[in-house]
Amino acid sequence: MTVPAQRYEDAGTAPHLADPAFWQQSPGARLAAFAALRALDSPVYVPEGSGRGHWALVRHADVQEASRLPKVFASAPGVTTPEPARWVRALFGDSMVNLDGADHAQLRKIVQRAFTPRLLAAAEEDILAVASRIVDDVLDGEPDEFVSAVASRLPLEVICNMMGIPERHRAEIADRVNHASENIGVERGLASRLRMPGRGLRALARMQRMVAGIGRERRKNPTDDLISALVTADVDGQALNARQLGAFFSLLMVAGVETTRNAITHGLSLLTDHPAQRDLLLGDFETYADGAVDEMIRHSTPIIQFRRTVAAEHTLGGHLFHPGDKVVLYYASANRDEAVFPDPDAFDITRSPNPHLGFGGGGPHFCLGAHLARVEMKALFRELLTRPVGLRAVGLPDLAGSSFDNRVRSLRFTFEQPAAQEPAGCPAERPAKRPAERPAP
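A. Just the overall build of the protein, in detail. Regarding its fold elements, the protein presents 16 helices and 9 strands. Residues counted as buried form 51% of the 441 residues belonging to the protein. Put simply, 71% of the contacts in the protein that link residues at least 6 apart link residues at least 24 apart. As displayed, the protein has an accessible area near 19,700 Å², and 53% of this comes from carbon and sulfur atoms.

B. Seen up close, unusual backbone geometry. With an omega dihedral of 5°, the bond running from Ala-76 to Pro-77 counts as a cis peptide bond. Among the secondary structure elements, Pro-77 is positioned in the loop between strand S3 (73–74) and helix H3 (86–92). In this structure, Pro-82 follows Thr-81 across a cis peptide bond, with omega equal to 0°. Relative to the helices and strands, Pro-82 resides in the loop between S3 and H3. In this model, Asp-236 sits at a positive phi of 55°, which is unusual for a non-glycine residue. You can see Asp-236 is positioned in the loop between helix H11 (226–231) and helix H12 (242–273).

C. Molecular detail of the packing of aromatic side chains. Taken as a whole, this structure holds 12 aromatic pairs when the rule is applied. Judged by centre distance (6.1 Å) and plane angle (85°), the rings of Phe-306 and Tyr-331 are edge-to-face. One end of the pair, Phe-306, is in strand S4 (residues 305–310); the other, Tyr-331, is in helix H15 (residues 331–334), with 25 residues separating them in the sequence. Tyr-331 carries the same exposure label as Phe-306, and that label is buried. Among the aromatic side chains, those forming a connected cluster through ring pairs are Phe-22, Trp-23, Phe-34 and Tyr-330. It is Arg-298 that lies over the ring of Phe-341; its NZ or CZ is 5.2 Å from the centre.

D. Structural view of helix H13 (residues 275–283). Looking at H13, one finds that the buried residues are Gln-277, Arg-278 and Leu-281. Within H13, the buried residues cover an arc of 100° as seen down the axis, which keeps them to one side. Residues of H13 that are exposed and angled more than 90 degrees away from the buried face: Ala-276, Asp-279 and Gly-283.

E. View of the nonpolar core. Membership of the largest hydrophobic core comes to 84 residues, with the highest contact counts inside it found for Phe-146, Val-150, Ile-173, Leu-226, Phe-248 and Met-253. Here this core takes 12 residues from H12, the largest share from any one element. With residues up to four places along the chain from it excluded, the contact list for Phe-146 reads Ala-151, Ile-264, Thr-265, Leu-268, Leu-384, Leu-391, Leu-411 and Phe-413. Counting residues in hydrophobic clusters, the runner-up holds 19 residues, among them Trp-55, Ala-66, Phe-73 and Ile-303.

F. Region of interest: the side chain of Arg-170. Within the fold, Arg-170 resides in helix H8 (residues 167–181). Within polar-contact distance, the side chain of Arg-170 engages the side chain of Asn-161 at 2.6 Å. For Arg-170, the side chain forms a polar contact with the main-chain oxygen of Ile-165, separated by 2.9 Å. Ignoring any residue separated from it by four or fewer positions in sequence, one finds Arg-170 in contact with Glu-157, Cys-160, Asn-161 and Ile-165.

G. Structural view of the environment of Ala-74. By secondary structure assignment, the location of Ala-74 is in strand S3. You can call Ala-74 buried: its relative accessible area is 11%.

H. Geometry of the side chain of Ser-402. By secondary structure assignment, the location of Ser-402 is in the loop between strand S8 (392–399) and strand S9 (408–414). Judged by relative accessible area, Ser-402 falls into the buried class, the value being 3%. Separated by 3.0 Å, the side chain of Ser-402 and the backbone nitrogen of Phe-404 make a polar contact. Reaching out from Ser-402, the side chain makes a polar contact with the side chain of Asp-405 at a distance of 3.2 Å.

Criteria and cut-off values
Residues numbered from 1 in each chain as written. Predicted model: local features only at pLDDT ≥ 70, side-chain atom pairs only at ≥ 80, totals over all residues. Heavy atoms only, no water. Helix = DSSP H or I, 4+ residues; strand = E, 2+ residues; numbered from the N terminus. Buried < 20%, exposed > 50% of the residue type's maximum accessible area, 1.4 Å probe, protein only. Contact = heavy atoms within 4.5 Å. Areas by Shrake-Rupley, 256 points an atom, 1.4 Å probe, with all protein chains shown as cover. Phe/Tyr/Trp six-rings, centres within 6.5 Å; stacked < 30°, edge-to-face > 60°. Lys NZ or Arg CZ within 6 Å of the ring centre and 35° of its normal. Arc of directions from axis to C-beta. Core = buried A, V, L, I, M, F, W, Y, C linked by side-chain atoms within 4.5 Å. Polar contact = N/O pair within 3.5 Å; in protein donor to acceptor, adjacent residues only side chain to side chain.

Spelled out as structure tokens, the structure:
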């Protein structure tokens with residue numbers, strides 16, 4: 001039975017999901033609004049200013065079903081809001097996340113073949129070394145801002161190492177990534193809107209030109225890295241061309257670096273706010289680490305939403321969708337669905353099962369980097385928690401207020417090395433830092 005569609009204005013508790021002011025509210029207020037939407041009989045329609053609106057999918061089952069029906073809920077022409085302009089797609093090429101059908105399958109096959117067991121094994125070994133080095137640097141330099149000193153370094157260094165990016169390019173790449181993503185889904189003033197998207201597009205263009213140049217060199221002189229594997233692949237006679245390589249690299253850097261760094265940062269904040277869970281993890285790290293990582297991802301949901309365009313008539317969640325309708329999959333809501341997650345707002349590292357949608361709802365667009373992201377987070381938290389660092393967040397995360405991703409601009413932190421941990425006869429060279437008080441979330 002198809003329930004009459006509930007228009008957005010008919011749902012008395014429905015929040016203005018397309019209003020940037022909604023995303024400036026506290027996380028608790030937004031989650032309460034999503035809970036009210038999940039209680040409705042069918043999806044609600046969300047107007048988007050003067051443009052065409054979208055239907056909000058907020059339940060776990062609906063988001064998962066739509067994700068697994070790409071012929072009905074298509075990623076093209078784009079999964080972000082607003083959708084990429086045609087001239088942008090023509091200039092930069094289509095990102096894998098914006099493709100469907102044979103085009104997506106062929107590109108994904110080339111990329112998957114490049115991730116050989118040997119390359120993945122080397123990447124996992126590198127992750128352990130990078131995580132250890134980052135914590136060594138924290139102990140040596142005593143920084144107090146977690147995103148720049150810790151969370152963003154790990155995924156950036158790991159991806160650059162895996163891709164084979166020369167050291168001389170890395171500082172510029174980090175800067176370009178920040179410029180490309182800093183205002184996605186964020187309310188901006190007039191001056192900023194006039195500069196953007198130009199500033200972000202210029203950053204992407206420079207990043208893609210850089211990696212295209214590296215790709216040309218690797219075609220002539222391949223080495224044991226991912227760029228070489230991608231440009232010399234032979235999957236049905238195809239490898240990545242320069243534009244495809246640039247689009248993939250941009251996706252990997254903006255999506256892979258940003259999402260992992262945000263999950264790591266939220267993870268530290270969650271462990272600080274829930275000392276009993278932190279103690280449980282510390283008591284037996286190897287037993288609880290995998291569950292802790294998945295619960296950090298579920299609880300923080302680094303990507304809040306992706307967009308789809310309806311390609312064929314279909315009934316979902318009690319509503320009949322028509323071709324051309326726009327749909328938004330709200331992962332942030334699906335990951336708090338009471339029908340799937342008992343006590344969904346609790347942070348519980350023993351939660352089992354934990355079928356979160358932090359890497360997507362399944363189907364052909366399930367995140368390619370899910371395994372590496374989990375390995376990175378586990379390796380870093382092992383170093384941060386099991387070495388005598390005494391790491392704690394200070395204050396609350398400075399959130400960007402983005403409608404697209406759960407981005408953290410900064411998070412202050414502190415740590416201490418207890419004197420008891422120093423070897424006999426080798427007193428600490430610096431006085432231990434005292435953790436500051438952290439306000440209640």
